[in-house]
Amino acid sequence: MKIELVTDATAGGKKAAEYFLAAKQDGVKTFGLATGGTPVTTYAALVAGEIDFGDAVSLNLDEYVGLGANDPQSYAAYMQAHLFSQKPFAASYLPNGLASDLAAECARYDQLVAENPIGLQLLGIGENGHIGFNEPGTSFDSSTHLVNLTESTIKANARFFARENQVPRQALSMGIGTIMQAKQIILEAYGEKKAAAIKAMVKGPVTEAVPASVLQRHENVIVIVDPAAAAGLD
Ligand code: GLP
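Right, let's walk through the structure included here. Since the model is a prediction, treat every value here as computed from it, not as a measurement.

**Description of the site of the ligand**
For step 1, the next point in the chain: Near the ligand you find 14 residues, and of these G37, T38, D62, R159 and K194 are the closest.
For step 2, the next point in the chain: The contact in question runs from an oxygen atom of the ligand to an N or O atom on the side chain of T38, over 2.5 Å.
For step 3, the next point in the chain: Within the backbone of G132, an N or O atom sits 3.1 Å from a nitrogen atom of the ligand.
For step 4, the next point in the chain: Along the lines of polarity and charge, the residues of the shell around the ligand split into four nonpolar, seven polar and three charged.

**Notes on the packing of aromatic side chains**
For step 1, the next point in the chain: Throughout the structure, instances matching the rule amount to ten aromatic pairs.
For step 2, the next point in the chain: Between the aromatic rings of F20 and F31, the centroid separation amounts to 5.4 Å while the plane-to-plane angle is 15°, which identifies the pairing as stacked. You can see F20 sitting in helix α1 (residues 9–25) and its partner F31 sitting in strand β2 (residues 30–33), a full eleven residues away along the chain. Here F20 and F31 have matching classes, each one buried.
For step 3, the next point in the chain: Both rings, one in Y64 and one in F133, keep their centres 5.5 Å apart while their planes meet at 50°; by these two values the pair is tilted. Of this pair, Y64 sits in strand β4 (residues 62–64) while F133 sits in the loop between β6 (120–123) and β7 (145–148), placing them 69 residues apart in sequence. Note on accessibility: Y64 and F133 belong to one class, buried.
For step 4, the next point in the chain: In this structure an aromatic cluster arises from ring pairing among F20, F31, F53, F84 and F89.

Rules behind the numbers
- Throughout this description, residue numbers start from 1 for each chain and increase along the sequence as written.
- Only residues with pLDDT of at least 70 are given local features in this predicted model, and only at 80 or more are side-chain atom pairs given and counted; all residues enter the totals for whole chains, interfaces and linings.
- With hydrogens and water excluded, all non-hydrogen atoms of the structure serve as input to the side-chain values.
- Consider each residue's heavy atoms; a residue with any of them within 4 Å of a molecule or strand counts as near.
- Under this definition, polar contacts are N or O atom pairs within 3.5 Å; protein pairs additionally need one hydrogen-donor-capable and one acceptor-capable atom, and for neighbouring residues in sequence, both atoms have to be side-chain atoms.
- Under the convention adopted here, Pro, Cys and the residues Ala, Val, Leu, Ile, Met, Phe, Trp and Tyr are nonpolar, Asp, Glu, Lys and Arg are charged, and Gly plus all remaining residues are polar.
- The rule is short: rings of Phe, Tyr and Trp, with Trp giving its six-membered ring, pair when the centres are within 6.5 Å, and they are stacked under 30 degrees, edge-to-face over 60, tilted in between.
- Numbered from the N terminus, helices here are DSSP runs of H or I no shorter than four residues, and strands are runs of E no shorter than two.
- Relative accessibility thresholds used throughout: buried, under 20% of the residue-type maximum; exposed, over 50%; partly exposed, between the two (1.4 Å probe, protein chains only).

Structure follows, in structure tokens:
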């Protein structure tokens, strides 16, 4: 793993956007995208820059079950607001949280990923070490699947909802096996709440108890962190 220490989330977003531009110039056609508070500065930097995604494809990591694109809390709406409305892709895909047959939806999404191999995958990290919505204990071989969110993830994400009981209890997420197929991975983390997860990811054993630790086995990972998130590293 290559660690990029930046002063703050704004500088980190600019750094991540530089990697996007380099990947694009290198011929990458498919970008894996993430949601949450962390990548907001990356999308702001991409929007402010010259990059053109008009001939590229995006595939998002995950979506809440039960929320459609018209719901402002859905990840589809988040992506529209932060990136797609200003930097449209030729095609953008997210799992459909309103699908009536969720197993079929997962299979459809895996097929999309197979047809559009991801050149650059952006990731955040949960306080418990999750990536996408792959909670601790998820198999490293997993493909897109239905997830029951843990209490800690529900609590952490409640800040985006009016009330905690509005946070969906389930999500569809790309699997860890899916994420590991990406050619290059950028993981961003900012703030002291992420320090323990970053330490376990970088220095701890590779274990399904810490989903992000699997990234030690990937040969092209860039970790962009501020000093608070890097506090547990040497
Ligand atoms: C959610 C998302 C993840 C994200 C994580 C951290 O659970 N599914 O993709 O990395 O939260 O979110 P934040 O960046 O808001 O701390």
